[in-house]
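An overview of the molecular structure
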Amino acid sequence: MTANDRNMKDLTNIMFTYTSDMSDLEEENRLLKETISQLKNDVDRLKTPPLMMCEVKDVYNNNAVIRLPNGNQFFVFISQSCTRINPGDTVLVDQKNLNVVRKFKTAKSFNVEKFLIIERPTLSWNEIGGLDMQKNEIKEVVELPLKRPDLFKKVGINPPTGILLYGPPGTGKTLLAKAVANSTDSTFIEIVGSELVQKFIGEGAKLVKEIFHLAREKAPSIVFIDEIDALAARRIDVGTSGEREVQRTFMQLLAEIDGFNGLDNVKIIGCTNRKDLLDPAVVRPGRLDRLINVPLPDNQGIIEIFKIHTRNMRLAGDIDYEKLYKLMQDLSGADIKAVCTEAGYFAIRNQRYETNKKDFLKAIEKVKGQKKTQEGKEYLKMFG
Ligand SMILES: Nc1ncnc2c1ncn2[C@@H]1O[C@H](COP(=O)(O)OP(=O)(O)OP(=O)(O)O)[C@@H](O)[C@H]1O
Ligand SMILES: [Mg+2]
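Residues numbered from 1 in each chain as written. Chains lettered and ligands numbered in written order. Predicted model: local features only at pLDDT ≥ 70, side-chain atom pairs only at ≥ 80, totals over all residues.

1. What about the overall build of the protein chain?
Quick reminder of the rule: Numbering goes from the N terminus for both helices and strands, where a helix is a DSSP run of H or I of at least four residues and a strand is a run of E of at least two. Atoms counted for the radius of gyration: C-alpha only. Globule rule: 2.2 Å times residue count to the power 0.38. Once C-beta atoms are placed from the backbone, each residue is buried if 20 or more other C-beta atoms lie within 10 Å of its own, exposed if 12 or fewer, and partly exposed for counts between those two. Two residues qualify as a contact pair if the distance between their C-beta atoms, derived from the backbone, is within 7 Å.
Of the regular secondary structure elements, the protein chain holds 12 helices and 13 strands. At 35 Å, the protein chain has a C-alpha radius of gyration far larger than the 21 Å of a compact globule built from 384 residues. Across its three principal directions, the C-alpha atoms of the protein chain cover 140 × 60 × 45 Å. Out of the 384 residues belonging to the protein chain, those deemed buried represent 31%. Counting contacts in the protein chain only where the partners sit at least 6 residues apart, residues at least 24 apart contribute 72% of the total.

Okay, structure coming up:
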């Protein structure tokens, strides 16, 4: 091999090393570029403003009416990558232009049963003292249509969809609703207006929707809305977002009630101590349009309620019932029950199984005293 040849070979070797070094460097360069671009993407992603969640009210081709969490509604564009958006969907929208960017997949229905009291009550009509007129009316407007819808069809009339029970606390409104659920073998679904408003902020309207869906599924059913005034109070000013939220829940409730007719096997019973506060919309014809007053018991009522709650007690022979009934005149059913319980306690404290006249007199005094303190507290709360 000549010196020239050797030089040539060395040079070729060197060139080869450089070339392979270069391809290594190129590869490294490529990897670094990729990392940079990934990091840039990350930075971009971290810099993007958050998307806002809202509800779709209506869809028109590529546009939608969305409702923001604060209640305002906007007509916006739907991004082309978003397909199949329907009213009622939850979507993510750009904060600046509010255009719909993506559909948000929520669990289709959250477990509404967890939040409700659902039961099959076993209470019978004869566990309710007095209130004969009220019982009859409820039998006519709730029980009969559920049991004999054919009658109404033949006569050609539509019974009420719902009723409103109103009256002072502790007079048996809840009892009446439970008794009719029992006598019609219905599922009893209880919601409390104030809870719906306070516990489920932002979810009230959705919850109402789910509740009625459930009521249909479990029909025949009675939807019992206690303290309906918390939801359906007349609002003078719906300025704050909290009030708007309540208003929305209320609107949803009205929409659900409107979705039934009197012959459906779901009946709605609203309950309130403050009928004066109610928005007239809720008692409009076709809604809770049968108003049933549940007052404090009359004489006959007092006697019957007292008998119901002393049914399982051993009573001494010395009791002057007429006197007791007179003393209990301005008490509610719940108060009368409390009197019986308290009287029994006096007997227990005296190591007796039998409850006597004195026990009852002391019990009435105690319950009346507690009532006065309670009323005093409420007065102070309102005006103090
Ligand atoms: N007419 C009645 N007959 C028998 N018991 C009664 C009667 N009214 C009330 N009571 C007793 O008082 C308790 C409370 O009654 P209920 O829950 O029906 O009152 P309400 O009218 O729904 O009161 P609120 O308006 O405070 O919800 C009952 O569990 C029952 O023991
Ligand atoms: Mg009640």
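Back to the write-up after that little detour.
2. Points about the domain arrangement of the protein chain
A common measure of how large an interface is: the accessible area buried when the components associate. Applied cut-off: Boundaries of every domain are those given by an automatic assignment or by a domain database.
Each domain of the protein chain was delimited in the assignment, giving domain 1 (1-48), domain 2 (52-104), domain 3 (112-293) and domain 4 (299-383). Each of domain 1 and domain 2 has a C-alpha centre, and the two are 49 Å apart.

3. A word on the packing of helix 11 (residues 333-349) against helix 12 (residues 357-383)
For any two helices packed against each other, one specifies the crossing angle of their axes together with the interaxial distance. Operational definition: Throughout, an axis means a line fitted to C-alpha atoms (over the contacting stretch in the case of helices), and angles, computed between N-to-C directions, take values from 0 to 180 degrees. Angles below 35 degrees are treated as roughly parallel, those above 145 as roughly antiparallel, those between 65 and 115 as roughly perpendicular, and all remaining angles as oblique. Two helices crossing with the near one rotated counterclockwise from the far one by less than a right angle form a left-handed crossing, whereas a clockwise rotation gives a right-handed crossing.
Contact geometry of helix 11 with helix 12 gives a least axis separation of 8 Å together with a crossing angle of 130°. Of the possible angle classes, the one that applies to helix 11 and helix 12 is oblique. Here the hand of the crossing between helix 11 and helix 12 comes out right-handed. Two secondary-structure elements touch here, helix 11 through Asp335, Ala338, Val339, Glu342, Ala343, Phe346 and Ala347 and helix 12 through Asp359, Phe360, Lys362, Ala363, Ile364, Lys366, Val367 and Lys371.

4. Notes on the nonpolar core
Our working rule: The term nonpolar core refers to a group of buried residues, namely Ala, Val, Leu, Ile, Met, Phe, Trp, Tyr and Cys, whose C-beta atoms join them within 7 Å.
Counting residues in each nonpolar core, the largest one holds 52 residues, and the members touching the most others are Ile189, Ile211 and Val223. No other element matches helix 6 (residues 204-217), which puts 7 residues into this core. In terms of nonpolar packing, the next biggest core, distinct from the first, is built from 16 residues, Phe306, Val339, Cys340 and Ala347 among them.

5. Some details on the site of ligand 1
Heads up, the condition is: For each residue, a C-beta atom is positioned from the backbone; the residue is called near a molecule or strand if that atom sits within 6 Å of it. Any residue outside Ala, Val, Leu, Ile, Met, Phe, Trp, Tyr, Cys, Pro, Asp, Glu, Lys and Arg is labelled polar, Gly included; the first ten of those are nonpolar and the last four are charged.
Near ligand 1 you find 17 residues, and of these Pro169, Gly172, Thr174, Gly333 and Ala334 are the closest. Here the residues of the shell around ligand 1 are counted per class, giving 7 nonpolar, 8 polar and 2 charged. Both domains that meet at the shell around ligand 1, namely domain 3 (112-293) and domain 4 (299-383), each give it at least three residues.

6. Here we look at the environment of Lys323
Structurally, Lys323 can be placed in helix 10 (residues 321-327). For the pair Lys323 and Leu361, spaced 38 residues apart in sequence, the C-alpha to C-alpha distance is 9.4 Å.

7. A closer look at the pairing of strand 7 (residues 162-166)
Put simply, the rule is: Pairing between two strands is assigned when DSSP locates at least 2 bridges connecting them.
Summarising burial for strand 7: 5 of the 5 residues are buried, a large majority. Residues of strand 7 alternate between two faces, with Gly162, Leu164 and Tyr166 on one and Ile163 and Leu165 on the opposite face, all of them buried. As defined by bridge partners, strand 7 adjoins strand 11 (residues 290-293) across 4 bridges and the pair is classed as parallel. In the strand pairing of strand 11, Leu164 is matched with Leu291.

8. Quick look at the sheet that holds strand 3 (residues 73-77)
With antiparallel pairing, the 5 strands of this open sheet are ordered in space as 3-2-1-4-5. Among the strands making up the open sheet, the edge pair consists of strand 3 and strand 5 (100-104). Pairs of neighbouring strands in the sheet enclose a mean axial angle of 45°, with direction left out of account. Across 4 bridges, strand 1 (residues 52-60) lies against strand 4 (residues 90-93) in antiparallel orientation. Directly across from Met53, in strand 4, lies its bridge partner Leu92.

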